[in-house]
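Chains, contacts and geometry: an overview
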Amino acid sequence: MPVTGLEPYDDQNVFAKILRGEIPNKTVYEDEHVLAFHDIAPQAPVHVLVIPKGAYVSARDFAARAPHAEIGGFWRAVGQVAAMLGLEADGYRLLANHGMNAGQEVPHFHVHIFGGGPLGPMISAKR
Ligand code: AMP
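Residues numbered from 1 in each chain as written. Predicted model: local features only at pLDDT ≥ 70, side-chain atom pairs only at ≥ 80, totals over all residues. Heavy atoms only, no water.

With that settled, the discussion passes to the pairing of strand E1 (residues 27–30). Two strands pair when backbone bridges link them, and E1 and strand E2 (residues 34–38) are joined in this way by three bridges, in the antiparallel orientation. Note that in E2 the partner of Glu30 across the bridge is Leu35. The antiparallel hairpin formed by E1 and E2 contains three residues in its connecting segment. (Pairing = 2+ DSSP bridges. Helix = DSSP H or I, 4+ residues; strand = E, 2+ residues; numbered from the N terminus.)

This is the structure:
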């Protein structure tokens, strides 16, 4: 089911289950605010997801409701994870899907980090 980005938080979503330890993940980084782990279906040589530990449906929800420390901690961690993965020198892409048009599948806010090789055009959808 595509996510609209506006629904209330569903604590049965797959990332909520990962945070509770009910589903395994390949963790690359964890701190008080975030968990970062390899995407189960990588779309680039390196494809890692960074998620806040708090319950937020979308980027908008995160920006509107998360405490400043959590927002700051999240974005600091995104940069740290990219650096840890060795992506700084050659570059990488950050992406956050929001709602139906973007095809958001998991209704827990997350940022994709893509890297490890040339990533092609920014989007492929026809205009
Ligand atoms: P999005 O379309 O932005 O909601 O992206 C959701 C991402 O989560 C997709 O790239 C999926 O491959 C990924 N995903 C779904 N389930 C898992 C899982 N159990 N572990 C790691 N990644 C997952």
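Our focus in this paragraph is the sheet that holds strand E3 (residues 46–52). With antiparallel pairing, the five strands of this open sheet are ordered in space as E1-E2-E3-E5-E4. Edge positions in the open sheet fall to E1 and strand E4 (92–95), since each of these has one partner strand only. Geometrically, the sheet is characterised by an average inter-axis angle of 20 degrees between neighbouring strands, direction not taken into account. With four bridges joining them, E4 and strand E5 (residues 111–115) adopt antiparallel strand pairing. Bridge pairing in E5 links Leu95 to His112. (Axes fitted to C-alpha atoms, helices over the stretch in contact; angles between N-to-C directions.)

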